[in-house]
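# Coordinate inspection notes
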Amino acid sequence: MRQIPPGISGLTVDQMRRIQAELAPRVRVEDALGTVRWIAGVDVAYTETHAIGAAVLLDAETLEVAQEATAIRPLETDYEPGLLSFRELPAALDALAQLPEPDLVFCDGNGLAHPRRFGLACHLGVLTDLPTLGVAKSRYLGQHDVIAEPRGSWRPVLDAGDIVAHALRTQDGVRWVYVSPGHRISLDTATTWALRTATEARIPQPTRLADHLANRTRRER
DNA sequence: GCGACAG
DNA sequence: ATCTTGTCGC
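Because the structure is predicted, anything quoted here is derived from the model rather than measured.

### Focus: the state of the cysteines
Considering all chains together, one arrives at zero disulfides under this definition. Lacking any disulfide linkage, cysteine 107 is separated from the closest cysteine sulfur, that of cysteine 122, by 8.9 Å. Note on cysteine 107: relative accessible area 1%, which makes it buried. What makes cysteine 122 buried here is its relative accessible area of 0%.

### A short note on the protein's contact with DNA strand C
The environment of DNA strand C is formed by Ala45, Tyr46, Lys137, Asn215 and Arg218. Between DNA strand C and tyrosine 46, the relevant distance is 3.4 Å, taken from a phosphate oxygen to a main-chain nitrogen or oxygen of the residue. Lysine 137 places a side-chain nitrogen or oxygen 3.3 Å from a phosphate oxygen of DNA strand C. Elements that contribute at least two residues to the surface near DNA strand C include exactly strand 1 (38-46) and helix 5 (205-219). Classifying every residue of the surface near DNA strand C gives two nonpolar, one polar and two charged.

### Description of the protein's contact with DNA strand B
Taken together, 17 residues form the shell around DNA strand B, and within it Tyr79, Gly82, Asn110, Lys137 and Ser138 come nearest. When atoms of DNA strand B within 4 Å of the protein are split into backbone and base, the sugar-phosphate part holds 56%. For DNA strand B, a sugar or linking oxygen lies 3.2 Å from a polar atom in the side chain of aspartate 108. Considering only residue class, the surface near DNA strand B consists of seven nonpolar, five polar and five charged.

### Quick look at the pattern of salt bridges
What the rule picks out here adds up to 11 salt bridges. Here aspartate 14 and arginine 17 are joined by a salt bridge, their closest N and O atoms 3.9 Å apart. Here aspartate 14 and its partner arginine 17 are both found in helix 1 (residues 13-23), three residues apart, which amounts to about one turn of the helix. Accessibility expressed as a relative area gives 47% for aspartate 14, which makes it partly exposed. For arginine 155, the salt bridge is made with aspartate 145, and the minimal N-O distance between the two is 3.7 Å. One end of the pair, arginine 155, is in strand 6 (residues 154-159); the other, aspartate 145, is in the loop between strand 5 (132-136) and strand 6, and 10 residues separate them in sequence. Salt bridges here are not isolated pairs; linked through shared partners, they connect Arg117, Asp159 and Asp162.

### Here we look at the environment of leucine 83
With respect to the secondary-structure elements, leucine 83 resides in the loop between strand 3 (65-74) and helix 2 (84-96). Counting along the chain gives 63 residues from leucine 83 to glutamine 20, while the straight-line C-alpha distance between them is 8.8 Å. Beyond its immediate stretch of four places on either side in the chain, leucine 83 contacts Val13, Met16, Arg17, Gln20 and Arg116.

### Here we look at the confidence of the model for chain A
Across chain A, the average pLDDT comes to 95, with 96% of residues at or above 70. With pLDDT under 50 throughout, residues 1-7 is counted as low confidence; its partners more than four residues away or in other chains account for 18 contacts.

### A word on the packing of aromatic side chains
Aromatic ring pairs are described here by two measures, namely the spacing of the ring centres and the angle between the planes. On inspection of all chains with the given rule, the structure shows zero aromatic pairs. Of note, arginine 87 hangs over the ring of tyrosine 46, and the distance from its end group to the ring centre comes to 4.5 Å. Looking at arginine 175, its charged tip hangs above the ring of tryptophan 176, at a distance of 4.4 Å from the centre.

Quick notes on the rules
Residues numbered from 1 in each chain as written. Chains lettered and ligands numbered in written order. Predicted model: local features only at pLDDT ≥ 70, side-chain atom pairs only at ≥ 80, totals over all residues. Heavy atoms only, no water. Disulfide = S-S within 2.5 Å. Buried < 20%, exposed > 50% of the residue type's maximum accessible area, 1.4 Å probe, protein only. Near = heavy atom within 4 Å. Polar contact = N/O pair within 3.5 Å; in protein donor to acceptor, adjacent residues only side chain to side chain. Helix = DSSP H or I, 4+ residues; strand = E, 2+ residues; numbered from the N terminus. Nonpolar A, V, L, I, M, F, W, Y, C, P; charged D, E, K, R; others polar. Salt bridge = Lys/Arg side-chain N within 4 Å of Asp/Glu carboxyl O. Contact = heavy atoms within 4.5 Å. pLDDT = per-residue confidence, 0-100. Phe/Tyr/Trp six-rings, centres within 6.5 Å; stacked < 30°, edge-to-face > 60°. Lys NZ or Arg CZ within 6 Å of the ring centre and 35° of its normal.

So, in structure tokens, the structure goes:
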């Protein structure tokens, strides 16, 4: 029952939403991860016709890059709010599969902060059964109060009565990001890792370096 | 009915 | 996401 990777082509919007609803119950929002020694960052860049996936493996302690991998896939679906994972996962999974198994995966987008509580990070987590978290650069849904200016300040993001993410300021005075659990991790732990790895910029290093690799690969092609 | 809407 | 260089501001 591979709910995604090969041939997504034929799926309708309704079918994709149905798959999300079916897989959502498999998401585990409690901490079910061991010692985090290796972190992977995954991202996807696009051309007119293809998706270029990039995965980077970093030492959780030093955040130094240990290994990189890329993959390219023909685009199979247009972007549709709520269905981002169906567009990004094929290339993202192909790239990730080329690396040694990480202890935690950072995704570029949301996890629980999704209408059906099954964003990109949840989907990738359930399919691989790896601990995952999502970091989104802009708001998708939910409401939150003003975030204080100092790095590390955060406020819960509420949607339909659920706390689905934390709006977290990762650097003094820069715009905040939205952190949410993907799979096998709690919101608090996800927030801690996001802040801990946002050492050089607003975006945590795993996601940031994967983004760089994806774009570098796209330009050199 | 109207507006919002990860990447 | 992508199309694109320099430039205004701290």
